[in-house]
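# Geometric and topological summary
In case you want the letters, here they are:
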Amino acid sequence: MSPFIAELIGTMLLILLGDGVVANVVLKDTKGNNSGWMVITTAWGLAVFVGVVVAGPYSGAHLNPAVTIALAIAGKFPWAQVPLYIAAQFLGAMLGAFLVWAMYYDHFKRTNEPAAILAVFCTGPAVRNYVSNITSEIIGAFVLLFTIFYISGAQIMPTNTPIGLGSVGALPVALLVWVIGLSLGGTTGYAINPCRDLGPRFMHMILPIKNKGTSDWAYAWIPVLGPIAGASIAAGLYLWVR
């Protein structure tokens, strides 16, 4: 399990479970059809938990180009490894989206709404206003990364002896993504991760899905540049205040 493979598999699981819950909620005739935003945000948080549990010991479980770039800006990750990590994340995201399509193949065929089909793969704005939309993504990613910088492991006081929490150590990031979705996700669907949106959007474009519409490439730059900008601002503020 190399860092590249860990990022690929971790991101694949993230997208399989994250896009998978959207498919379960919005596609026709699923068991979870129309079960709502609480189900989507909860499963996305748990999807992060699963990805971090698998990839964490081997790569640090970035699973997100914005995380990788922010850690590099903050001096916590070598720039030389950034392209490798981002490549693995995008490949994993595309593979995860493919598995969602395979899993829900019959339900994609029964769904006649192009917007619902697209929503399985990528985010879109509730109100299309590019200035507001990218602001939402910047704020969401800022909260994600700025908080990640301050997540610390458990220690025995007053000796500050670290306590290994194992897989439970992935829980804080999962809770963080959950609350971002609940509180800040209503405007754009909280991509907060460029590969989470762009990789599956590409798969939506190339997969043979009945009744699909366009992949809305006019919007695709928002969930890519917004999270990177928000993460970079978080890294800069972290360096300034620490």
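Residues numbered from 1 in each chain as written. Predicted model: local features only at pLDDT ≥ 70, side-chain atom pairs only at ≥ 80, totals over all residues. Heavy atoms only, no water.

## What about the overall build of the protein?
- When helices and strands are counted, the protein shows 10 helices and 2 strands.
- Taking 2.2 N^0.38 as the reference for a compact globule, 242 residues should give roughly 18 Å; the C-alpha atoms of the protein span a radius of gyration of 18 Å, in line with that estimate.
- Judged by the C-alpha coordinates and their principal axes, the protein covers about 60 × 35 × 35 Å.
- The buried share among the 242 residues of the protein stands at 47%.
- Pairs at least 24 residues apart make up 77% of the contacts formed inside the protein by residues separated by at least 6 positions.
- For the protein, the exposed area adds up to about 11000 Å²; of that, 69% sits on carbon and sulfur atoms. (Helix = DSSP H or I, 4+ residues; strand = E, 2+ residues; numbered from the N terminus. Rg over C-alpha atoms; globule rule 2.2 N^0.38 Å. Buried < 20%, exposed > 50% of the residue type's maximum accessible area, 1.4 Å probe, protein only. Contact = heavy atoms within 4.5 Å. Areas by Shrake-Rupley, 256 points an atom, 1.4 Å probe, with all protein chains shown as cover.)

## Re unusual backbone geometry
- Positioned with a positive phi, Asn34 is a non-glycine residue whose angle comes to about 65°.
- In this fold, Asn34 is placed in the loop between α1 (3-26) and α2 (37-59).
- Although it is not a glycine, Tyr190 sits at a positive phi angle of roughly 40°.
- When you line up the elements, Tyr190 lands in the loop between α8 (171-184) and α9 (194-206).

## Structural notes on the pattern of salt bridges
- Going through the model one piece at a time under the given rule, you end up with 4 salt bridges.
- Between Arg128 and Asp216 there is a salt bridge whose closest N-O contact spans 2.7 Å. Of this pair, Arg128 sits in the loop between α6 (114-121) and α7 (130-148) while Asp216 is found in the loop between α9 and α10 (222-241), placing the two residues 88 residues apart along the sequence.
- Of the residues examined, Arg128 reaches a relative accessible area of 44% and is grouped as partly exposed.
- The exposure class of Asp216 is buried, given its relative accessible area of 16%. (Salt bridge = Lys/Arg side-chain N within 4 Å of Asp/Glu carboxyl O.)

## Comments concerning the environment of Ala234
- Turning to its location among the elements, Ala234 is positioned in helix α10.
- A sequence separation of 163 residues divides Ala234 from Leu71, and the C-alpha atoms of the two residues are 9.9 Å apart.
- Once residues lying within four places of it in the same chain are set aside, the contact partners of Ala234 are Phe142, Leu145, Phe146 and Phe149.

## As for the packing of α9 against α10
- Following both chains from N to C, one finds α9 and α10 inclined at 165°, their axes separated by 8 Å at the closest point. Between α9 and α10, the interaxial angle falls into the category roughly antiparallel. In terms of crossing hand, the pair formed by α9 and α10 is left-handed. Touching Pro194, Asp197, Leu198 and Arg201 of α9 are Pro223, Val224, Pro227 and Ile228, all from α10.
- Grouping the constituent residues of the contact of α9 with α10 by class yields 6 nonpolar, no polar and 2 charged. (Axes fitted to C-alpha atoms, helices over the stretch in contact; angles between N-to-C directions. Parallel < 35°, antiparallel > 145°, perpendicular 65-115°, else oblique. Left-handed = near helix turned anticlockwise from the far one by under 90°. Nonpolar A, V, L, I, M, F, W, Y, C, P; charged D, E, K, R; others polar.)

## Here's the deal with α10
- Look at α10: 28 Å from first C-alpha to last across 20 residues, which is about the 28 Å you get at 1.5 Å a residue.
- The inward-facing, buried residues of α10 abut α3 (65-73), α7 and α9. (Expected span 1.5 Å × (residues − 1).)

## Points about the UniProt feature "transmembrane region" (unreviewed entry) in the protein
- The UniProt record marks residues 39-61, 82-104, 130-151, 163-184 and 218-241 with the feature "transmembrane region" (unreviewed entry), using the residue numbering of this structure.
- Summarising residues 82-104: 96% helix, 0% strand, and an end-to-end C-alpha distance of 33 Å. (UniProt positions renumbered as here; feature names shortened; annotations may be inferred.)

## Here we look at the environment of Arg128
- With 37 residues separating them along the chain, Arg128 and Leu91 place their C-alpha atoms 29 Å apart.
- When neighbours within four sequence positions are excluded, Arg128 is seen to be in contact with Asn133, Asp216 and Tyr219.
- Separated by 3.4 Å, the side chains of Arg128 and Tyr130 make a polar contact.
- Among the polar contacts made by the side chain of Arg128, one reaches the side chain of Asp216 at a distance of 2.7 Å. (Polar contact = N/O pair within 3.5 Å; in protein donor to acceptor, adjacent residues only side chain to side chain.)

## Topic: the nonpolar core
- Within the largest apolar cluster, 57 residues are counted, with the highest numbers of intra-cluster contacts made by Trp44, Phe108, Val120 and Phe121.
- Not counting chain neighbours up to four residues away, the residues in contact with Phe121 comprise Asp19, Ala97, Trp101, Phe108, Arg196, Asp197, Pro200, Arg201, His204, Leu207 and Ile209. (Core = buried A, V, L, I, M, F, W, Y, C linked by side-chain atoms within 4.5 Å.)

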